[in-house]
Amino acid sequence: MIELIKQIRNRTGAGVIDIKKALEESDGDEKRAIEILRRKGLEKADKKEGRDVKEGVVATYVHSNGKVAAMVKVLCETDFVARNEEFQQLTKDIAMQIVAMSPVCVKPENVPEDEVAQQKKEWKKEMEGENKSQEVMEKIMQGKEQKFRNEKALISQAFIKDQDLTVGDMVKEKISTIGENIIVEDFMRMEL
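Rules used throughout
Residues numbered from 1 in each chain as written. Predicted model: local features only at pLDDT ≥ 70, side-chain atom pairs only at ≥ 80, totals over all residues. Heavy atoms only, no water. Pairing = 2+ DSSP bridges. Helix = DSSP H or I, 4+ residues; strand = E, 2+ residues; numbered from the N terminus. Axes fitted to C-alpha atoms, helices over the stretch in contact; angles between N-to-C directions. Contact = heavy atoms within 4.5 Å. Parallel < 35°, antiparallel > 145°, perpendicular 65-115°, else oblique. Left-handed = near helix turned anticlockwise from the far one by under 90°. Nonpolar A, V, L, I, M, F, W, Y, C, P; charged D, E, K, R; others polar.

Asks: Describe the pairing of strand β1 (residues 55-62), listing the residues and the values that go with them.
Replies: By the bridge criterion, eight bridges tie β1 to strand β2 (residues 68-76) in an arrangement that is antiparallel. The residue of β2 that forms the bridge with glutamate 55 is cysteine 76. Joining the antiparallel neighbours β1 and β2 is a turn of five residues, in which glycine 66 adopts a positive phi near 70 degrees.

Following this line, the structure appears as structure tokens:
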């Protein structure tokens, strides 16, 4: 049991008492216990969401070929957390994500409308001649638009180091373990 607690703690960063409770709730099932911890962590993170963030760091990542780089501004509540190794690693991972996945904005609702409009034109062309009702076509378009926005926005992209999580999920997990609100405010990507 102690070895299992250590393994889960290393994977999640959760406290020993929380891990014990999650293991009891899951009848000793490691996967279910981790899912319980993740769910509880996200609930904690949601409660911290409205808190002011006035500190943080600007992190950079330059790809090994030296031809693409990213800079990201990540905010937190205190200077203490901004200097924390776990927070620093989070910011570096986000910068690496930006280099790898080329997002155009932080949140899905901020994807430029001209890009969305261009995509809508292309989707309409693709669906011409399909024998579907207007209502069905609208639902398809809404689904395509949401998927497009999610792929273009940093927070809703699948995290490159764990495809089961989005970048937003990863940030929420860090909020729950670090105990402060964290916001990805802005970024810039450069490429030769």
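Asks: Account for the sheet that holds strand β5 (residues 183-191), with residues named and values stated.
Replies: Strands sit in the order β1-β2-β5 across an open sheet of three strands; the sheet is antiparallel. At either margin of the open sheet sits one strand with a lone partner, and together these are β1 and β5. Neighbouring strand axes in the sheet, compared pairwise and without regard to direction, differ in orientation by 10 degrees on average. Its contacts with the sheet place helix α5 (residues 85-101) against β1, β2 and β5, and it is angled at close to 140 degrees to β2.

Asks: Outline the environment of leucine 4, listing residues and values.
Replies: For leucine 4, the position within the fold is in helix α1 (residues 2-12). As a C-alpha pair, leucine 4 and aspartate 79 span 75 residues in sequence and 34 Å in three-dimensional space. In this structure, leucine 4 is in contact with Leu23, Gly28 and Glu30, ignoring residues within four places of it in sequence.

Asks: Could you give an account of the packing of helix α6 (residues 113-127) against helix α7 (residues 134-152), with specific residues and numbers?
Replies: Where α6 meets α7, the axes come as close as 10 Å, and the angle between the chain directions of the two elements is 135 degrees. Relative to α7, the element α6 is oriented oblique. Here α6 runs over α7; the crossing is right-handed. Here Glu113, Glu115, Val116, Gln119, Lys120, Trp123, Lys124, Glu126 and Met127 of α6 come into contact with α7, specifically with Met137, Ile140, Met141, Lys144, Glu145, Phe148, Arg149 and Lys152. Along the lines of polarity and charge, the residues of the contact of α6 with α7 split into seven nonpolar, one polar and nine charged.

Asks: An account of the packing of α5 against helix α8 (residues 167-178) is requested, with residue identities and associated values reported.
Replies: Two elements in contact, α5 and α8, have axes whose closest approach is 11 Å; the angle formed by their N-to-C orientations is 175 degrees. The angle between the axes of α5 and α8 places the two elements in the roughly antiparallel class. Across the interface between the two elements, Glu86, Phe87, Leu90, Ile94 and Gln97 from α5 touch Val167, Met170, Val171, Lys174, Thr177 and Ile178 from α8. Looking at the contact of α5 with α8, its residues break down into seven nonpolar, two polar and two charged.

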